[in-house]
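Analysis of the macromolecular model
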Amino acid sequence: MRRIKQKGYLLAVLLTVVFQNITTAQQSVRGSVTDVNTGEPLAFVNVIVNGDPLKGTTTDIQGQFEYVSHNVITHLVFSYVGYERDTVQLRDRQDWLHLSIELLPAAYSFEEVVVQAGENPANRIIRNVIRNKKINNPEEVASFSYRTYNKVIYDFIHPNQSEDHLIEDPFDNLFQGGHVLMMESVTQRKFIHPDRSEEVILGVKVSGFQEATFAPLATDMQPFSFYKEVIPIFDVNYINPISDGSLSRYYFTLEDTVFQHQDTTFILSYKPLPNKNFEGLKGLLYINTSTYAIQYVIASPAEKGLIDIRIRQQYEFVDGQQWFPGELSFEFIMYPSGMEDLGLSANGVSFIDSVTLLPDLQRKDFGYDAVWMAEQANQRDSVFWKNHRRAPLGESELTTYRVLDSLGQKYKFDALLSTIEKLARDRIGISIFDIDVSRTLLLNKFEGFRLGLGVYTNEKLFKHVSLGGFFGYGLKDHQWKYGGEVIWTIHEYNELTLKGGYQNTLFETGSHQLRLFDQRKYDFRSWLAYRMDRVEQYTLDLGCRAFRYANLNISLRQNAIAPQYGYQFKVPGQEGFTTYQTTEVAVGIRYAFREKLVRAMGNPIRRMRMGSDFPVATFVYTRGLKDVLNGQLDYHKYEARIEQSFYHKALGKTKIRIDAGWADGTLPYGLLFTGEGSYTQPFSIEIKNYFQTADLYEFLSDQYVNLFFSHNFESLLFHAGKFKPHITISQNMGWGRLAHPEYHRFVTFKTKEMGLYETGIQVDNLLKINYLNVAYLGFGLGAYYRYGPYATDSFNRNMAYKFSVTFTTN
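Thoughts on the confidence of the model for the protein chain
Fine structural detail should not be taken from predicted coordinates in areas where pLDDT scores are low. Summarising the model, the protein chain shows a mean pLDDT of 88, and 90% of its residues fall at 70 or more. Low pLDDT (under 50) marks residues 109–113, which in the prediction has nine contacts with non-local residues, meaning those over four places away or in another chain. Taken together, the stretch residues 162–167 has pLDDT below 50 and engages in seven contacts with residues farther than four places along the chain or on a different chain.

Next comes the structure, spelled out in structure tokens:
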């Protein structure tokens with residue numbers, strides 16, 4: 001009996017201890033911290049528990065915090081750079097459930113640089129950060145994978161709203177308390193250092209749309225990490241405050257030191273030093289002393305532009321090995337012209353989870369595309385979204401989907417989106433047909449305006465086959481042009497396409513084949529063309545993506561060519577001729593190493609080039625076949641181009657392009673190389689990668705090399721408030737030869753064996769016009785001067801004056 005009582009007593013004690021531990025472990029305090037004036041959530045606020053700097057936490061990107069304690073919490077202290085410190089007493093158990101803390105902005109600011117005696121302690125910290133960038137940069141890890149949930153909400157805001165100045169929102173009734181637009185997506189990314197990256201959009205949901213085909217373009221609203229030398233935001237490259245040499249550009253202040261568990265975190269503010277001409281950022285850096293890694297960062301442009309932008313990033317120490325992004329957010333606000341009381345804001349957040357460091361990935365596991373959308377991404381059910389959302393949707397978010405989905409069905413938002421996408425490809429969809437705008441309205445100096453119509457069947461009739469053609473009439477040359485073709489997309493992913501067609505139209509004489517892979521259909525230089533060949537052409541063309549970075553094209557062409565200018569080709573001992581026929585086989589390849597490709601869903605699937613940091617090379621070989629399909633000429637033509645642009649944070653952006661060609665054979669004028677000039681009058685628009693001081697057809701070559709070099713200093717040389725002209729210097733050089741100039745009769749031309757040289761300076765954004773408070777329309781002027789063997793005796797003729805038009809957001 002005594003033993004039973006002892007057992008009962010021990011059991012009671014054990015249950016009491018367990019109960020106390022459970023209740024103690026479940027004690028937690030949570031809440032949110034916002035700005036008292038704006039209601040904006042404050043990220044990375046320091047929360048100190050019971051006045052002990054070694055105990056506490058930090059708010060996340062959403063301004064939320066939670067702290068679990070084994071001891072009684074009596075009070076919390078909230079501190080944040082630029083705000084007054086606030087102490088909250090916890091007297092009632094109910095206070096622990098959810099605190100709503102509002103911080104008051106401090107009466108002082110950190111805008112002025114204070115000169116300190118001796119070494120700035122913040123500089124020592126930044127030196128350590130820069131020294132450890134390589135080990136802390138997540139994209140220096142050999143491989144990784146992760147999953148992301150993204151949410152972006154667009155809203156109208158009222159900056160002048162107050163209790164005394166109430167503004168009626170004209171859209172309240174339309175959106176019924178919801179948001180203007182809402183987007184959600186779930187993506188999975190894998191990466192192998194240094195260049196293999198693939199992100200697949202597993203699911204996407206956009207209010208009002210059933211098919212969000214534009215989702216792949218919305219994955220880069222901010223950089224993945226804050227370790228690159230340059231931080232691109234919209235169209236501006238901002239120099240990173242932790243880039244090499246940043247201590248000579250930025251001023252850093254040690255604002256606070258936070259102790260959490262075994263870690264120490266330094267909080268530093270940063271802003272550009274006075275009188276420094278560069279695109280800079282301002283904000284806060286939270287530096288963890290374990291490896292001097294970024295733990296949190298807040299950044300916005302140092303100079304306010306038309307669009308207010310702010311990014312925030314939170315990093316976590318994954319598997320005790322690597323600091324890795326955990327939460328990313330961005331916010332931008334713009335005020336369209338005429339809507340001073342109504343602005344548009346976008347708030348986006350990304351939550352990264354399921355991070356795996358050093359997974360066993362092979363390069364063969366990666367496809368062509370850096371970003372692509374899974375086939376079922378638009379059809380994910382509610383279970384999918386419930387499993388991936390960090391928190392259930394709020395009432396306003398649910399209302400957004402309900403209202404906009406209804407409006408989208410009623411007003412056919414998806415059809416409108418399809419129309420916009422087609423317009424970007426110069427197409428207008430009408431039922432089962434697409435009007436090809438590039439074939440419908442043309443302009444050049446020979447034809448004047450060409451009025452006509454280009455029509456192709458679209459995916460609504462045949463998914464993989466398109467039938468089409470065009471006709472047009474030149475108002476100046478009074479001639480009809482026409483043609484037709486069949487396009488069969490054999491394999492969308494590999495871009496395997498077979499085309500067959502016929503056309504009777506005009507081509508600019510001397511046109512090279514290097515434009516074979518151009519995605520642009522309109523080129524201002526083509527508007528200036530006035531020396532044309534009438535060509536009746538039959539073609540058979542096969543194109544594909546041969547492998548990751550290369551496009552391949554093989555063509556068979558039969559041409560009947562009739563120059564539309566006075567000309568005769570006369571070889572001694574042979575009868576001269578003006579018109580002629582050729583049969584050609586051409587093979588072209590374009591290679592762009594590490595070019596980023598984005599594949600959007602749709603019908604057909606579209607793959608977009610997003611650029612490469614490495615040289616892009618194009619090569620085309622053309623073989624002229626005599627006595628094959630009435631071909632009269634036997635020849636070989638080799639054409640090559642290599643081009644690259646690169647950005648240096650201290651110097652600006654450099655662009656280089658080299659074009660070269662060699663025609664092996666005795667060929668008439670139209671098959672040689674000309675048309676490299678762009679001079680038509682003393683004042684005209686600058687046309688990149690052409691000689692600005694040379695007449696359009698001034699030179700003729702069967703062998704040539706041209707170099708086009710330009711360097712844009714942007715605003716690095718001069719910067720005075722909003723006046724930020726971009727200064728570009730250019731140097732163009734060309735060499736060429738022609739074996740038998742005497743064979744070409746009744747046309748005037750020069751050869752450039754001694755070298756053609758011109759140099760120029762362009763000043764963009766001399767005048768900036770605010771365009772609807774969305775962007776700046778900039779106008780600039782430039783001057784080019786020809787010198788060397790082909791300079792004329794007239795100074796004025798050696799000069800070419802150019803004006804430019806730019807479109808920027810700052």
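Brief notes about the side chain of Asp764
Secondary-structure assignment places Asp764 in strand β43 (residues 756–771). With residues up to four places along the chain from it excluded, the contact list for Asp764 reads Pro725, His726, Thr728, Phe779, Gly780, Ser804 and Thr806.

Some points on the sheet that holds strand β2 (residues 46–49)
Spatially, four strands are ordered β3-β2-β5-β6 in an open sheet, and the strand pairing comes out antiparallel. Across the chains shown, the open sheet's two edge strands, defined by having one partner strand only, are β3 (52–58) and β6 (86–89). Sheet twist, expressed as the average angle between the axes of neighbouring strands with direction ignored, equals 30°. As paired strands, strand β5 (residues 75–79) and β6 are joined by four bridges and run antiparallel to one another. Following the sheet pairing, Phe78 is matched in β6 by Asp86.

A word on helix α2 (residues 121–131)
Listed in full, the buried residues belonging to α2 are Ala122, Asn123, Ile125, Ile126, Asn128, Val129 and Ile130. Where α2 is buried, its residues contact α3 (133–136), β13 (250–260), β14 (263–272) and β15 (281–288). For α2, the N-terminal cap is Asn120; the gap from its side-chain oxygen to the backbone nitrogen of Ala122 is 3.0 Å.

Regarding unusual backbone geometry
In this structure, Pro194 follows His193 across a cis peptide bond, with omega equal to 5°. The residue Pro194 is located in the loop between β9 (181–192) and β10 (196–206) in this model. Its identity is not glycine, yet His478 carries a phi of approximately 55°, on the positive side. As for its placement among the helices and strands, His478 is situated in the loop between β25 (465–474) and β26 (480–491). Phi at Asn630 is positive, roughly 70°, even though this residue is not glycine. Assignment of secondary structure puts Asn630 in the loop between β34 (616–624) and β35 (635–648). Among the residues examined, Asn630 registers a relative accessible area of 58% and is labelled exposed.

What about the pattern of salt bridges?
In this structure the tally under the stated criterion is 41 salt bridges. Among the salt bridges present, the one from Asp477 reaches Lys481, with a minimum N-O distance of 2.7 Å. The same class applies to Asp477 as to Lys481, namely buried. The residue Arg590 makes a salt bridge to Glu595 at a minimum N-O spacing of 3.0 Å. Each member of the pair, Arg590 together with Glu595, is buried. Through salt bridges with shared partners, a single network forms among Asp369, Glu495, Arg545, Arg599 and Arg607.

Scoring rules and cut-offs
- Residues numbered from 1 in each chain as written.
- Predicted model: local features only at pLDDT ≥ 70, side-chain atom pairs only at ≥ 80, totals over all residues.
- Heavy atoms only, no water.
- pLDDT = per-residue confidence, 0-100.
- Contact = heavy atoms within 4.5 Å.
- Helix = DSSP H or I, 4+ residues; strand = E, 2+ residues; numbered from the N terminus.
- Pairing = 2+ DSSP bridges.
- Axes fitted to C-alpha atoms, helices over the stretch in contact; angles between N-to-C directions.
- Buried < 20%, exposed > 50% of the residue type's maximum accessible area, 1.4 Å probe, protein only.
- Polar contact = N/O pair within 3.5 Å; in protein donor to acceptor, adjacent residues only side chain to side chain.
- Salt bridge = Lys/Arg side-chain N within 4 Å of Asp/Glu carboxyl O.

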